[in-house]
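An overview of the molecular structure
Take a look at the letters that make up each chain.
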Amino acid sequence: MNNLTAPYFSRDNFKLYNGNCIDILNEFKDNSVDMIFADPPYFLSNGSFTCQAGKMVSVKKADWDLSNGVEENYKFHLNWIKACKRILKDNGTIWVSGTYHSIYQCGMALQMSGFHILNDISWFKPNAAPNLSCRFFTASHETLIWARKDKKGKHTFNYEKMKNGLWTEDFIKKPNTQMRSVWAINTPKPNEKKYGKHPTQKPIDLLKRVILASTNKGDLVLDPFTGSSTTGIAAVLNDRKFIGIDNEKKYLDLSIKRYNDINFKNERNYNFIINDNTDNYVQPYMFEPKQKYKKTKKKTA
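A quick note: this is a predicted structure, and the numbers were derived from the prediction, not measured.

We now examine the sheet that holds strand β6 (residues 88-98). Pairing is mixed across the open sheet formed by nine strands, whose spatial order is β1-β2-β11-β10-β3-β6-β8-β7-β9. The outermost strands of the open sheet, each flanked by one partner alone, are β1 (9-11) and β9 (182-184). The mean angle between the axes of side-by-side strands here comes to 20 degrees, regardless of whether they run parallel or antiparallel. Bridge analysis of β6 against strand β8 (residues 141-148) gives six bridges, and the strand direction is antiparallel. By the bridge assignment for β8, I94 is matched with A147. Along the sheet, helix α3 (residues 103-112) contacts β6, β7 (116-124) and β8; its crossing angle with β6, the most-contacted strand, is approximately 165 degrees. Docked against the sheet, helix α5 (residues 204-214) engages β3 (33-38), β6, β7, β8 and β9, running at close to 155 degrees with respect to β3.

Okay, here's the thing in C-alpha cells:
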C-alpha cells in the first residue's frame, strides 16, 4: 500500500482510517484483501418514526442516511462496490447488509460489477422493535448478500465449523445440521453499547458468524463503513487482521474504546472466563465456537 493516508488509529492487526471510503480504498493495492463486510447507508431516513427502548423516536439517523433519489443512491452503491472489487483477492468474498430500502440496489450493483452471488442470508431479529403505525408488517429482518469476486474463484467456506459449531445464540440452528440461510440473532446486547452506539450497529454474534464462515485465521478483513467497528472487534477476537474506514471521527473514537477494552481483557486472559454475569468481561459468544469431540476409552492391556 504505497502513499497510503496515515491511519487514524493503528495497533497490532487493527487499523482505522478517517475519510471517504472510496478515496481510501483507491489507495490500496489490487488483490490485497481476503474479505469485505459492508453495511452501507440504507437511505431510509425520511422523517418518519420508529420505536426504540419503548419510546417513539425519529428514524433520521444522520445526514449520510438521507436519500438522494433512486438513481443517485444506486450510483453511490455502484461506485463503492467497484472500489471494493479491485482490492479483493481473486478468491475473496464480500458481504453486504441492508433492508429493502437499499439491498436490491446493492444486489444489482454487485451483479453489474461482475460479482457472483453465493447466498442471501435473512437475519431474523427475534427482539425487533414493533411497528408503531400498525399499517405494515413489523420489520424484523435484514438481508445479507454474500458474493464472490470471480465466478470461477474458489472462495473460503468453513462448512464443518458452520455445521458442527456451538451456535447457542440462534434457536433456529440445530446441533450437527447444515447452517441454513435464516439466522435468528438478537440485536446488540447492552454490553456491546457500553461506550456508546452507532445508529446501525450490528450484533457481534452476527459478525462472528460471517467472519468464521468465510475467512481463515490470519486473513485480512475490511469494512468500508466501519461505524463502531463490530466487524473489527469480531475479526481481532478470532485472529484475523482488520482495516476499518469511516468519515466520522466520533465513531472511530468509539471503535478505539471498544478495541482497547477487548485488548485490555485479552492481555489479562479475561477472554477465557466463561461467564461472570457482568458486563466487565468479554463474553464467550465473541469467540470461535469450540468443536465437540467424542471421548474415547483407553484400551487396557
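Having put the structure on the table, let's press on.
Enumeration according to the criterion identifies 15 salt bridges in this entry. In this structure, K125 engages E142 in a salt bridge whose closest nitrogen and oxygen atoms are separated by 2.7 Å. Linking K125 in the loop between β7 and β8 with E142 in strand β8, this pair joins segments that are 17 residues apart in sequence. The class of K125 is buried, set by a relative accessible area of 15%. The partner of D170 in a salt bridge is R209, with the nearest N and O atoms 3.0 Å apart. Of this pair, D170 sits in the loop between α4 (159-164) and β9 while R209 sits in helix α5; the two residues are 39 residues apart in sequence, bridging distant segments of the chain. For the residue pair D170 and R209, the accessibility class agrees, reading buried in each case. A single network of salt bridges, built from pairs that share partners, joins D39, K125, E142 and K202.

By the secondary structure assignment, D34 is in strand β3. What makes D34 buried here is its relative accessible area of 18%. A polar contact is formed between the side chain of D34 and the backbone nitrogen of L220, at a distance of 2.8 Å. Apart from the residues within four sequence positions on either side, D34 is in contact with L88, K89, G92, T93, D219 and L220.

According to the stated counting rule, one finds 12 aromatic pairs in the structure shown. Geometrically, the ring pair formed by W95 and W146 is stacked, given 5.1 Å between the ring centres and 15 degrees between the ring planes. Here W95, found in strand β6, pairs with W146, found in strand β8; they are 51 residues apart in sequence, far enough to count as distant. W146 shares its class with W95; the two are buried. Every member of this aromatic cluster is reached through a ring pair, and the members are W95, W146, F157, Y159 and W183. Over the aromatic face of F115 sits the side chain of K85, whose NZ or CZ is 5.7 Å from the ring centroid. Positioned over the ring face of W123 is K125, at 4.7 Å from the centre of the ring.

Taken across its eight residues, helix α6 (residues 230-237) has eight buried, putting it largely inside the fold. Along α6, the residues classified as buried are T230, T231, G232, I233, A234, A235, V236 and L237. One or two positions beyond α6, positive phi appears at D239, with a value near 65 degrees.

Of all hydrophobic cores here, the largest spans 33 residues; its most connected members are W95, L144 and W183. Counting residues per element, the ones that place at least two in this core are β2 (14-18), β3, β7, β8, α5, α6 and α7 (249-267). By residue number, the principal contributor to this core is α5, which donates seven residues. Look past the residues within four positions of W95 in its chain and what remains in contact with it is M35, I36, F37, A38, I121, L144, I145, W146, W183, V210 and S214. With 29 residues, the next largest nonpolar core counts L88, L110, A147 and I245 among its residues.

A few words now on α5. Within an α-helix, residues lying three or four positions from one another point in the same direction, as the helix has 3.6 residues per turn. With 11 of 11 residues buried, α5 lies mostly within the body of the structure. Of the residues making up α5, those classed as buried are I204, D205, L206, L207, K208, R209, V210, I211, L212, A213 and S214.

Following both chains from N to C, one finds helix α2 (residues 70-87) and α3 inclined at 50 degrees, their axes separated by 9 Å at the closest point. In terms of orientation, α2 and α3 fall into the oblique class. For the pair α2 and α3, the sense of crossing is right-handed. On the side of α2, the interface is formed by V70, N73, Y74, H77, L78, W80 and I81, while α3 contributes Q105, C106, M108, A109, L110 and M112. In the contact of α2 with α3, the residues fall into 10 nonpolar, three polar and no charged.

Rules and cut-offs
- Residues numbered from 1 in each chain as written.
- Predicted model: local features only at pLDDT ≥ 70, side-chain atom pairs only at ≥ 80, totals over all residues.
- Heavy atoms only, no water.
- Pairing = 2+ DSSP bridges.
- Helix = DSSP H or I, 4+ residues; strand = E, 2+ residues; numbered from the N terminus.
- Axes fitted to C-alpha atoms, helices over the stretch in contact; angles between N-to-C directions.
- Contact = heavy atoms within 4.5 Å.
- Salt bridge = Lys/Arg side-chain N within 4 Å of Asp/Glu carboxyl O.
- Buried < 20%, exposed > 50% of the residue type's maximum accessible area, 1.4 Å probe, protein only.
- Polar contact = N/O pair within 3.5 Å; in protein donor to acceptor, adjacent residues only side chain to side chain.
- Phe/Tyr/Trp six-rings, centres within 6.5 Å; stacked < 30°, edge-to-face > 60°.
- Lys NZ or Arg CZ within 6 Å of the ring centre and 35° of its normal.
- Core = buried A, V, L, I, M, F, W, Y, C linked by side-chain atoms within 4.5 Å.
- Parallel < 35°, antiparallel > 145°, perpendicular 65-115°, else oblique.
- Left-handed = near helix turned anticlockwise from the far one by under 90°.
- Nonpolar A, V, L, I, M, F, W, Y, C, P; charged D, E, K, R; others polar.

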